[in-house]
Amino acid sequence: MKKFSLIAIIILIFSGTALSAKDFDWSECWCNYGGGIEKGDIIINLDGGLYYSDFDYARNEGFWFIPPLMFEIQFAQPIWKLPFTFGGYAGTRIYGFSNHSYWGIFFGGEAAYHIMLPPEKLDVYAVTRIGGNIPFVKPGIYWDPEYFHIGEAIGAYWYFGKNFGLNLEIGYPFSKFGVSFKF
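Here the structure is a predicted model, which means the values were calculated and not measured.

(A) How the structure looks around the packing of aromatic side chains. Scanning the model with the defined rule gives 18 aromatic pairs in all. Each ring, one from tyrosine 52 and one from tyrosine 172, has its centre 4.4 Å from the other, and the planes form 45°; the classification is tilted. Pair noted here: tyrosine 52 is in helix α2 (residues 52-57) and tyrosine 172 is in the loop between β7 (164-171) and β8 (174-182), with a separation of 120 residues, a long-range link. Here tyrosine 172 falls in the partly exposed class, since its relative accessible area comes to 37%. Between phenylalanine 63 and phenylalanine 65, the aromatic rings sit 5.8 Å apart at their centres with planes inclined by 25°, giving stacked as the arrangement.

(B) Seen up close, the pairing of β8. The pairing of strand β1 (residues 42-51) with β8 spans nine bridges and is antiparallel. Bridged to glycine 49 within β8 is lysine 176. Sheet topology note: the β7/β8 ladder contains six bridges and is antiparallel. Among the inter-strand pairings, leucine 168 is bridged to a residue of β8, identified as phenylalanine 177. Where β7 folds back on β8, the antiparallel hairpin that results is connected by two residues.

Conventions used here
- Residues numbered from 1 in each chain as written.
- Predicted model: local features only at pLDDT ≥ 70, side-chain atom pairs only at ≥ 80, totals over all residues.
- Heavy atoms only, no water.
- Phe/Tyr/Trp six-rings, centres within 6.5 Å; stacked < 30°, edge-to-face > 60°.
- Helix = DSSP H or I, 4+ residues; strand = E, 2+ residues; numbered from the N terminus.
- Buried < 20%, exposed > 50% of the residue type's maximum accessible area, 1.4 Å probe, protein only.
- Pairing = 2+ DSSP bridges.

Next up, the structure:
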């Protein structure tokens, strides 16, 4: 029954996309923002998620964590005809083991390439990030956190109105889900 339900949902999603894709100009999808994003727009995201190393640490006994919280700001600025956004992010991360804990902030810069797909409210993107971590630990405890990170991710925005939407992103050094505001 679960397999049948999953197949039915997938068919409905693709049939709805196929109907809206009938009149879509596929030759221009690579050079346009989706979701109503335009040149000069400022996008602010408030997200929660999972940091990549949480999966590795989870194998250790006594491991615990609070999902990372982050703030992200992007500015839509095309290069030639290509729809890019540029910006930065910052967040906080807390985790530990039975005998010690870690708290730190992470931050960095990013550049994302956007693609317009048939659902009018959808914006799909690929992002590259470079950043670092600043750890705060209790004195006397040696800890070797990841001080530097570089990574990529794929993600999407779905805008419900002109200024409000949701975003989902899967990648490295973190995956995230949250709300998006466009100005």
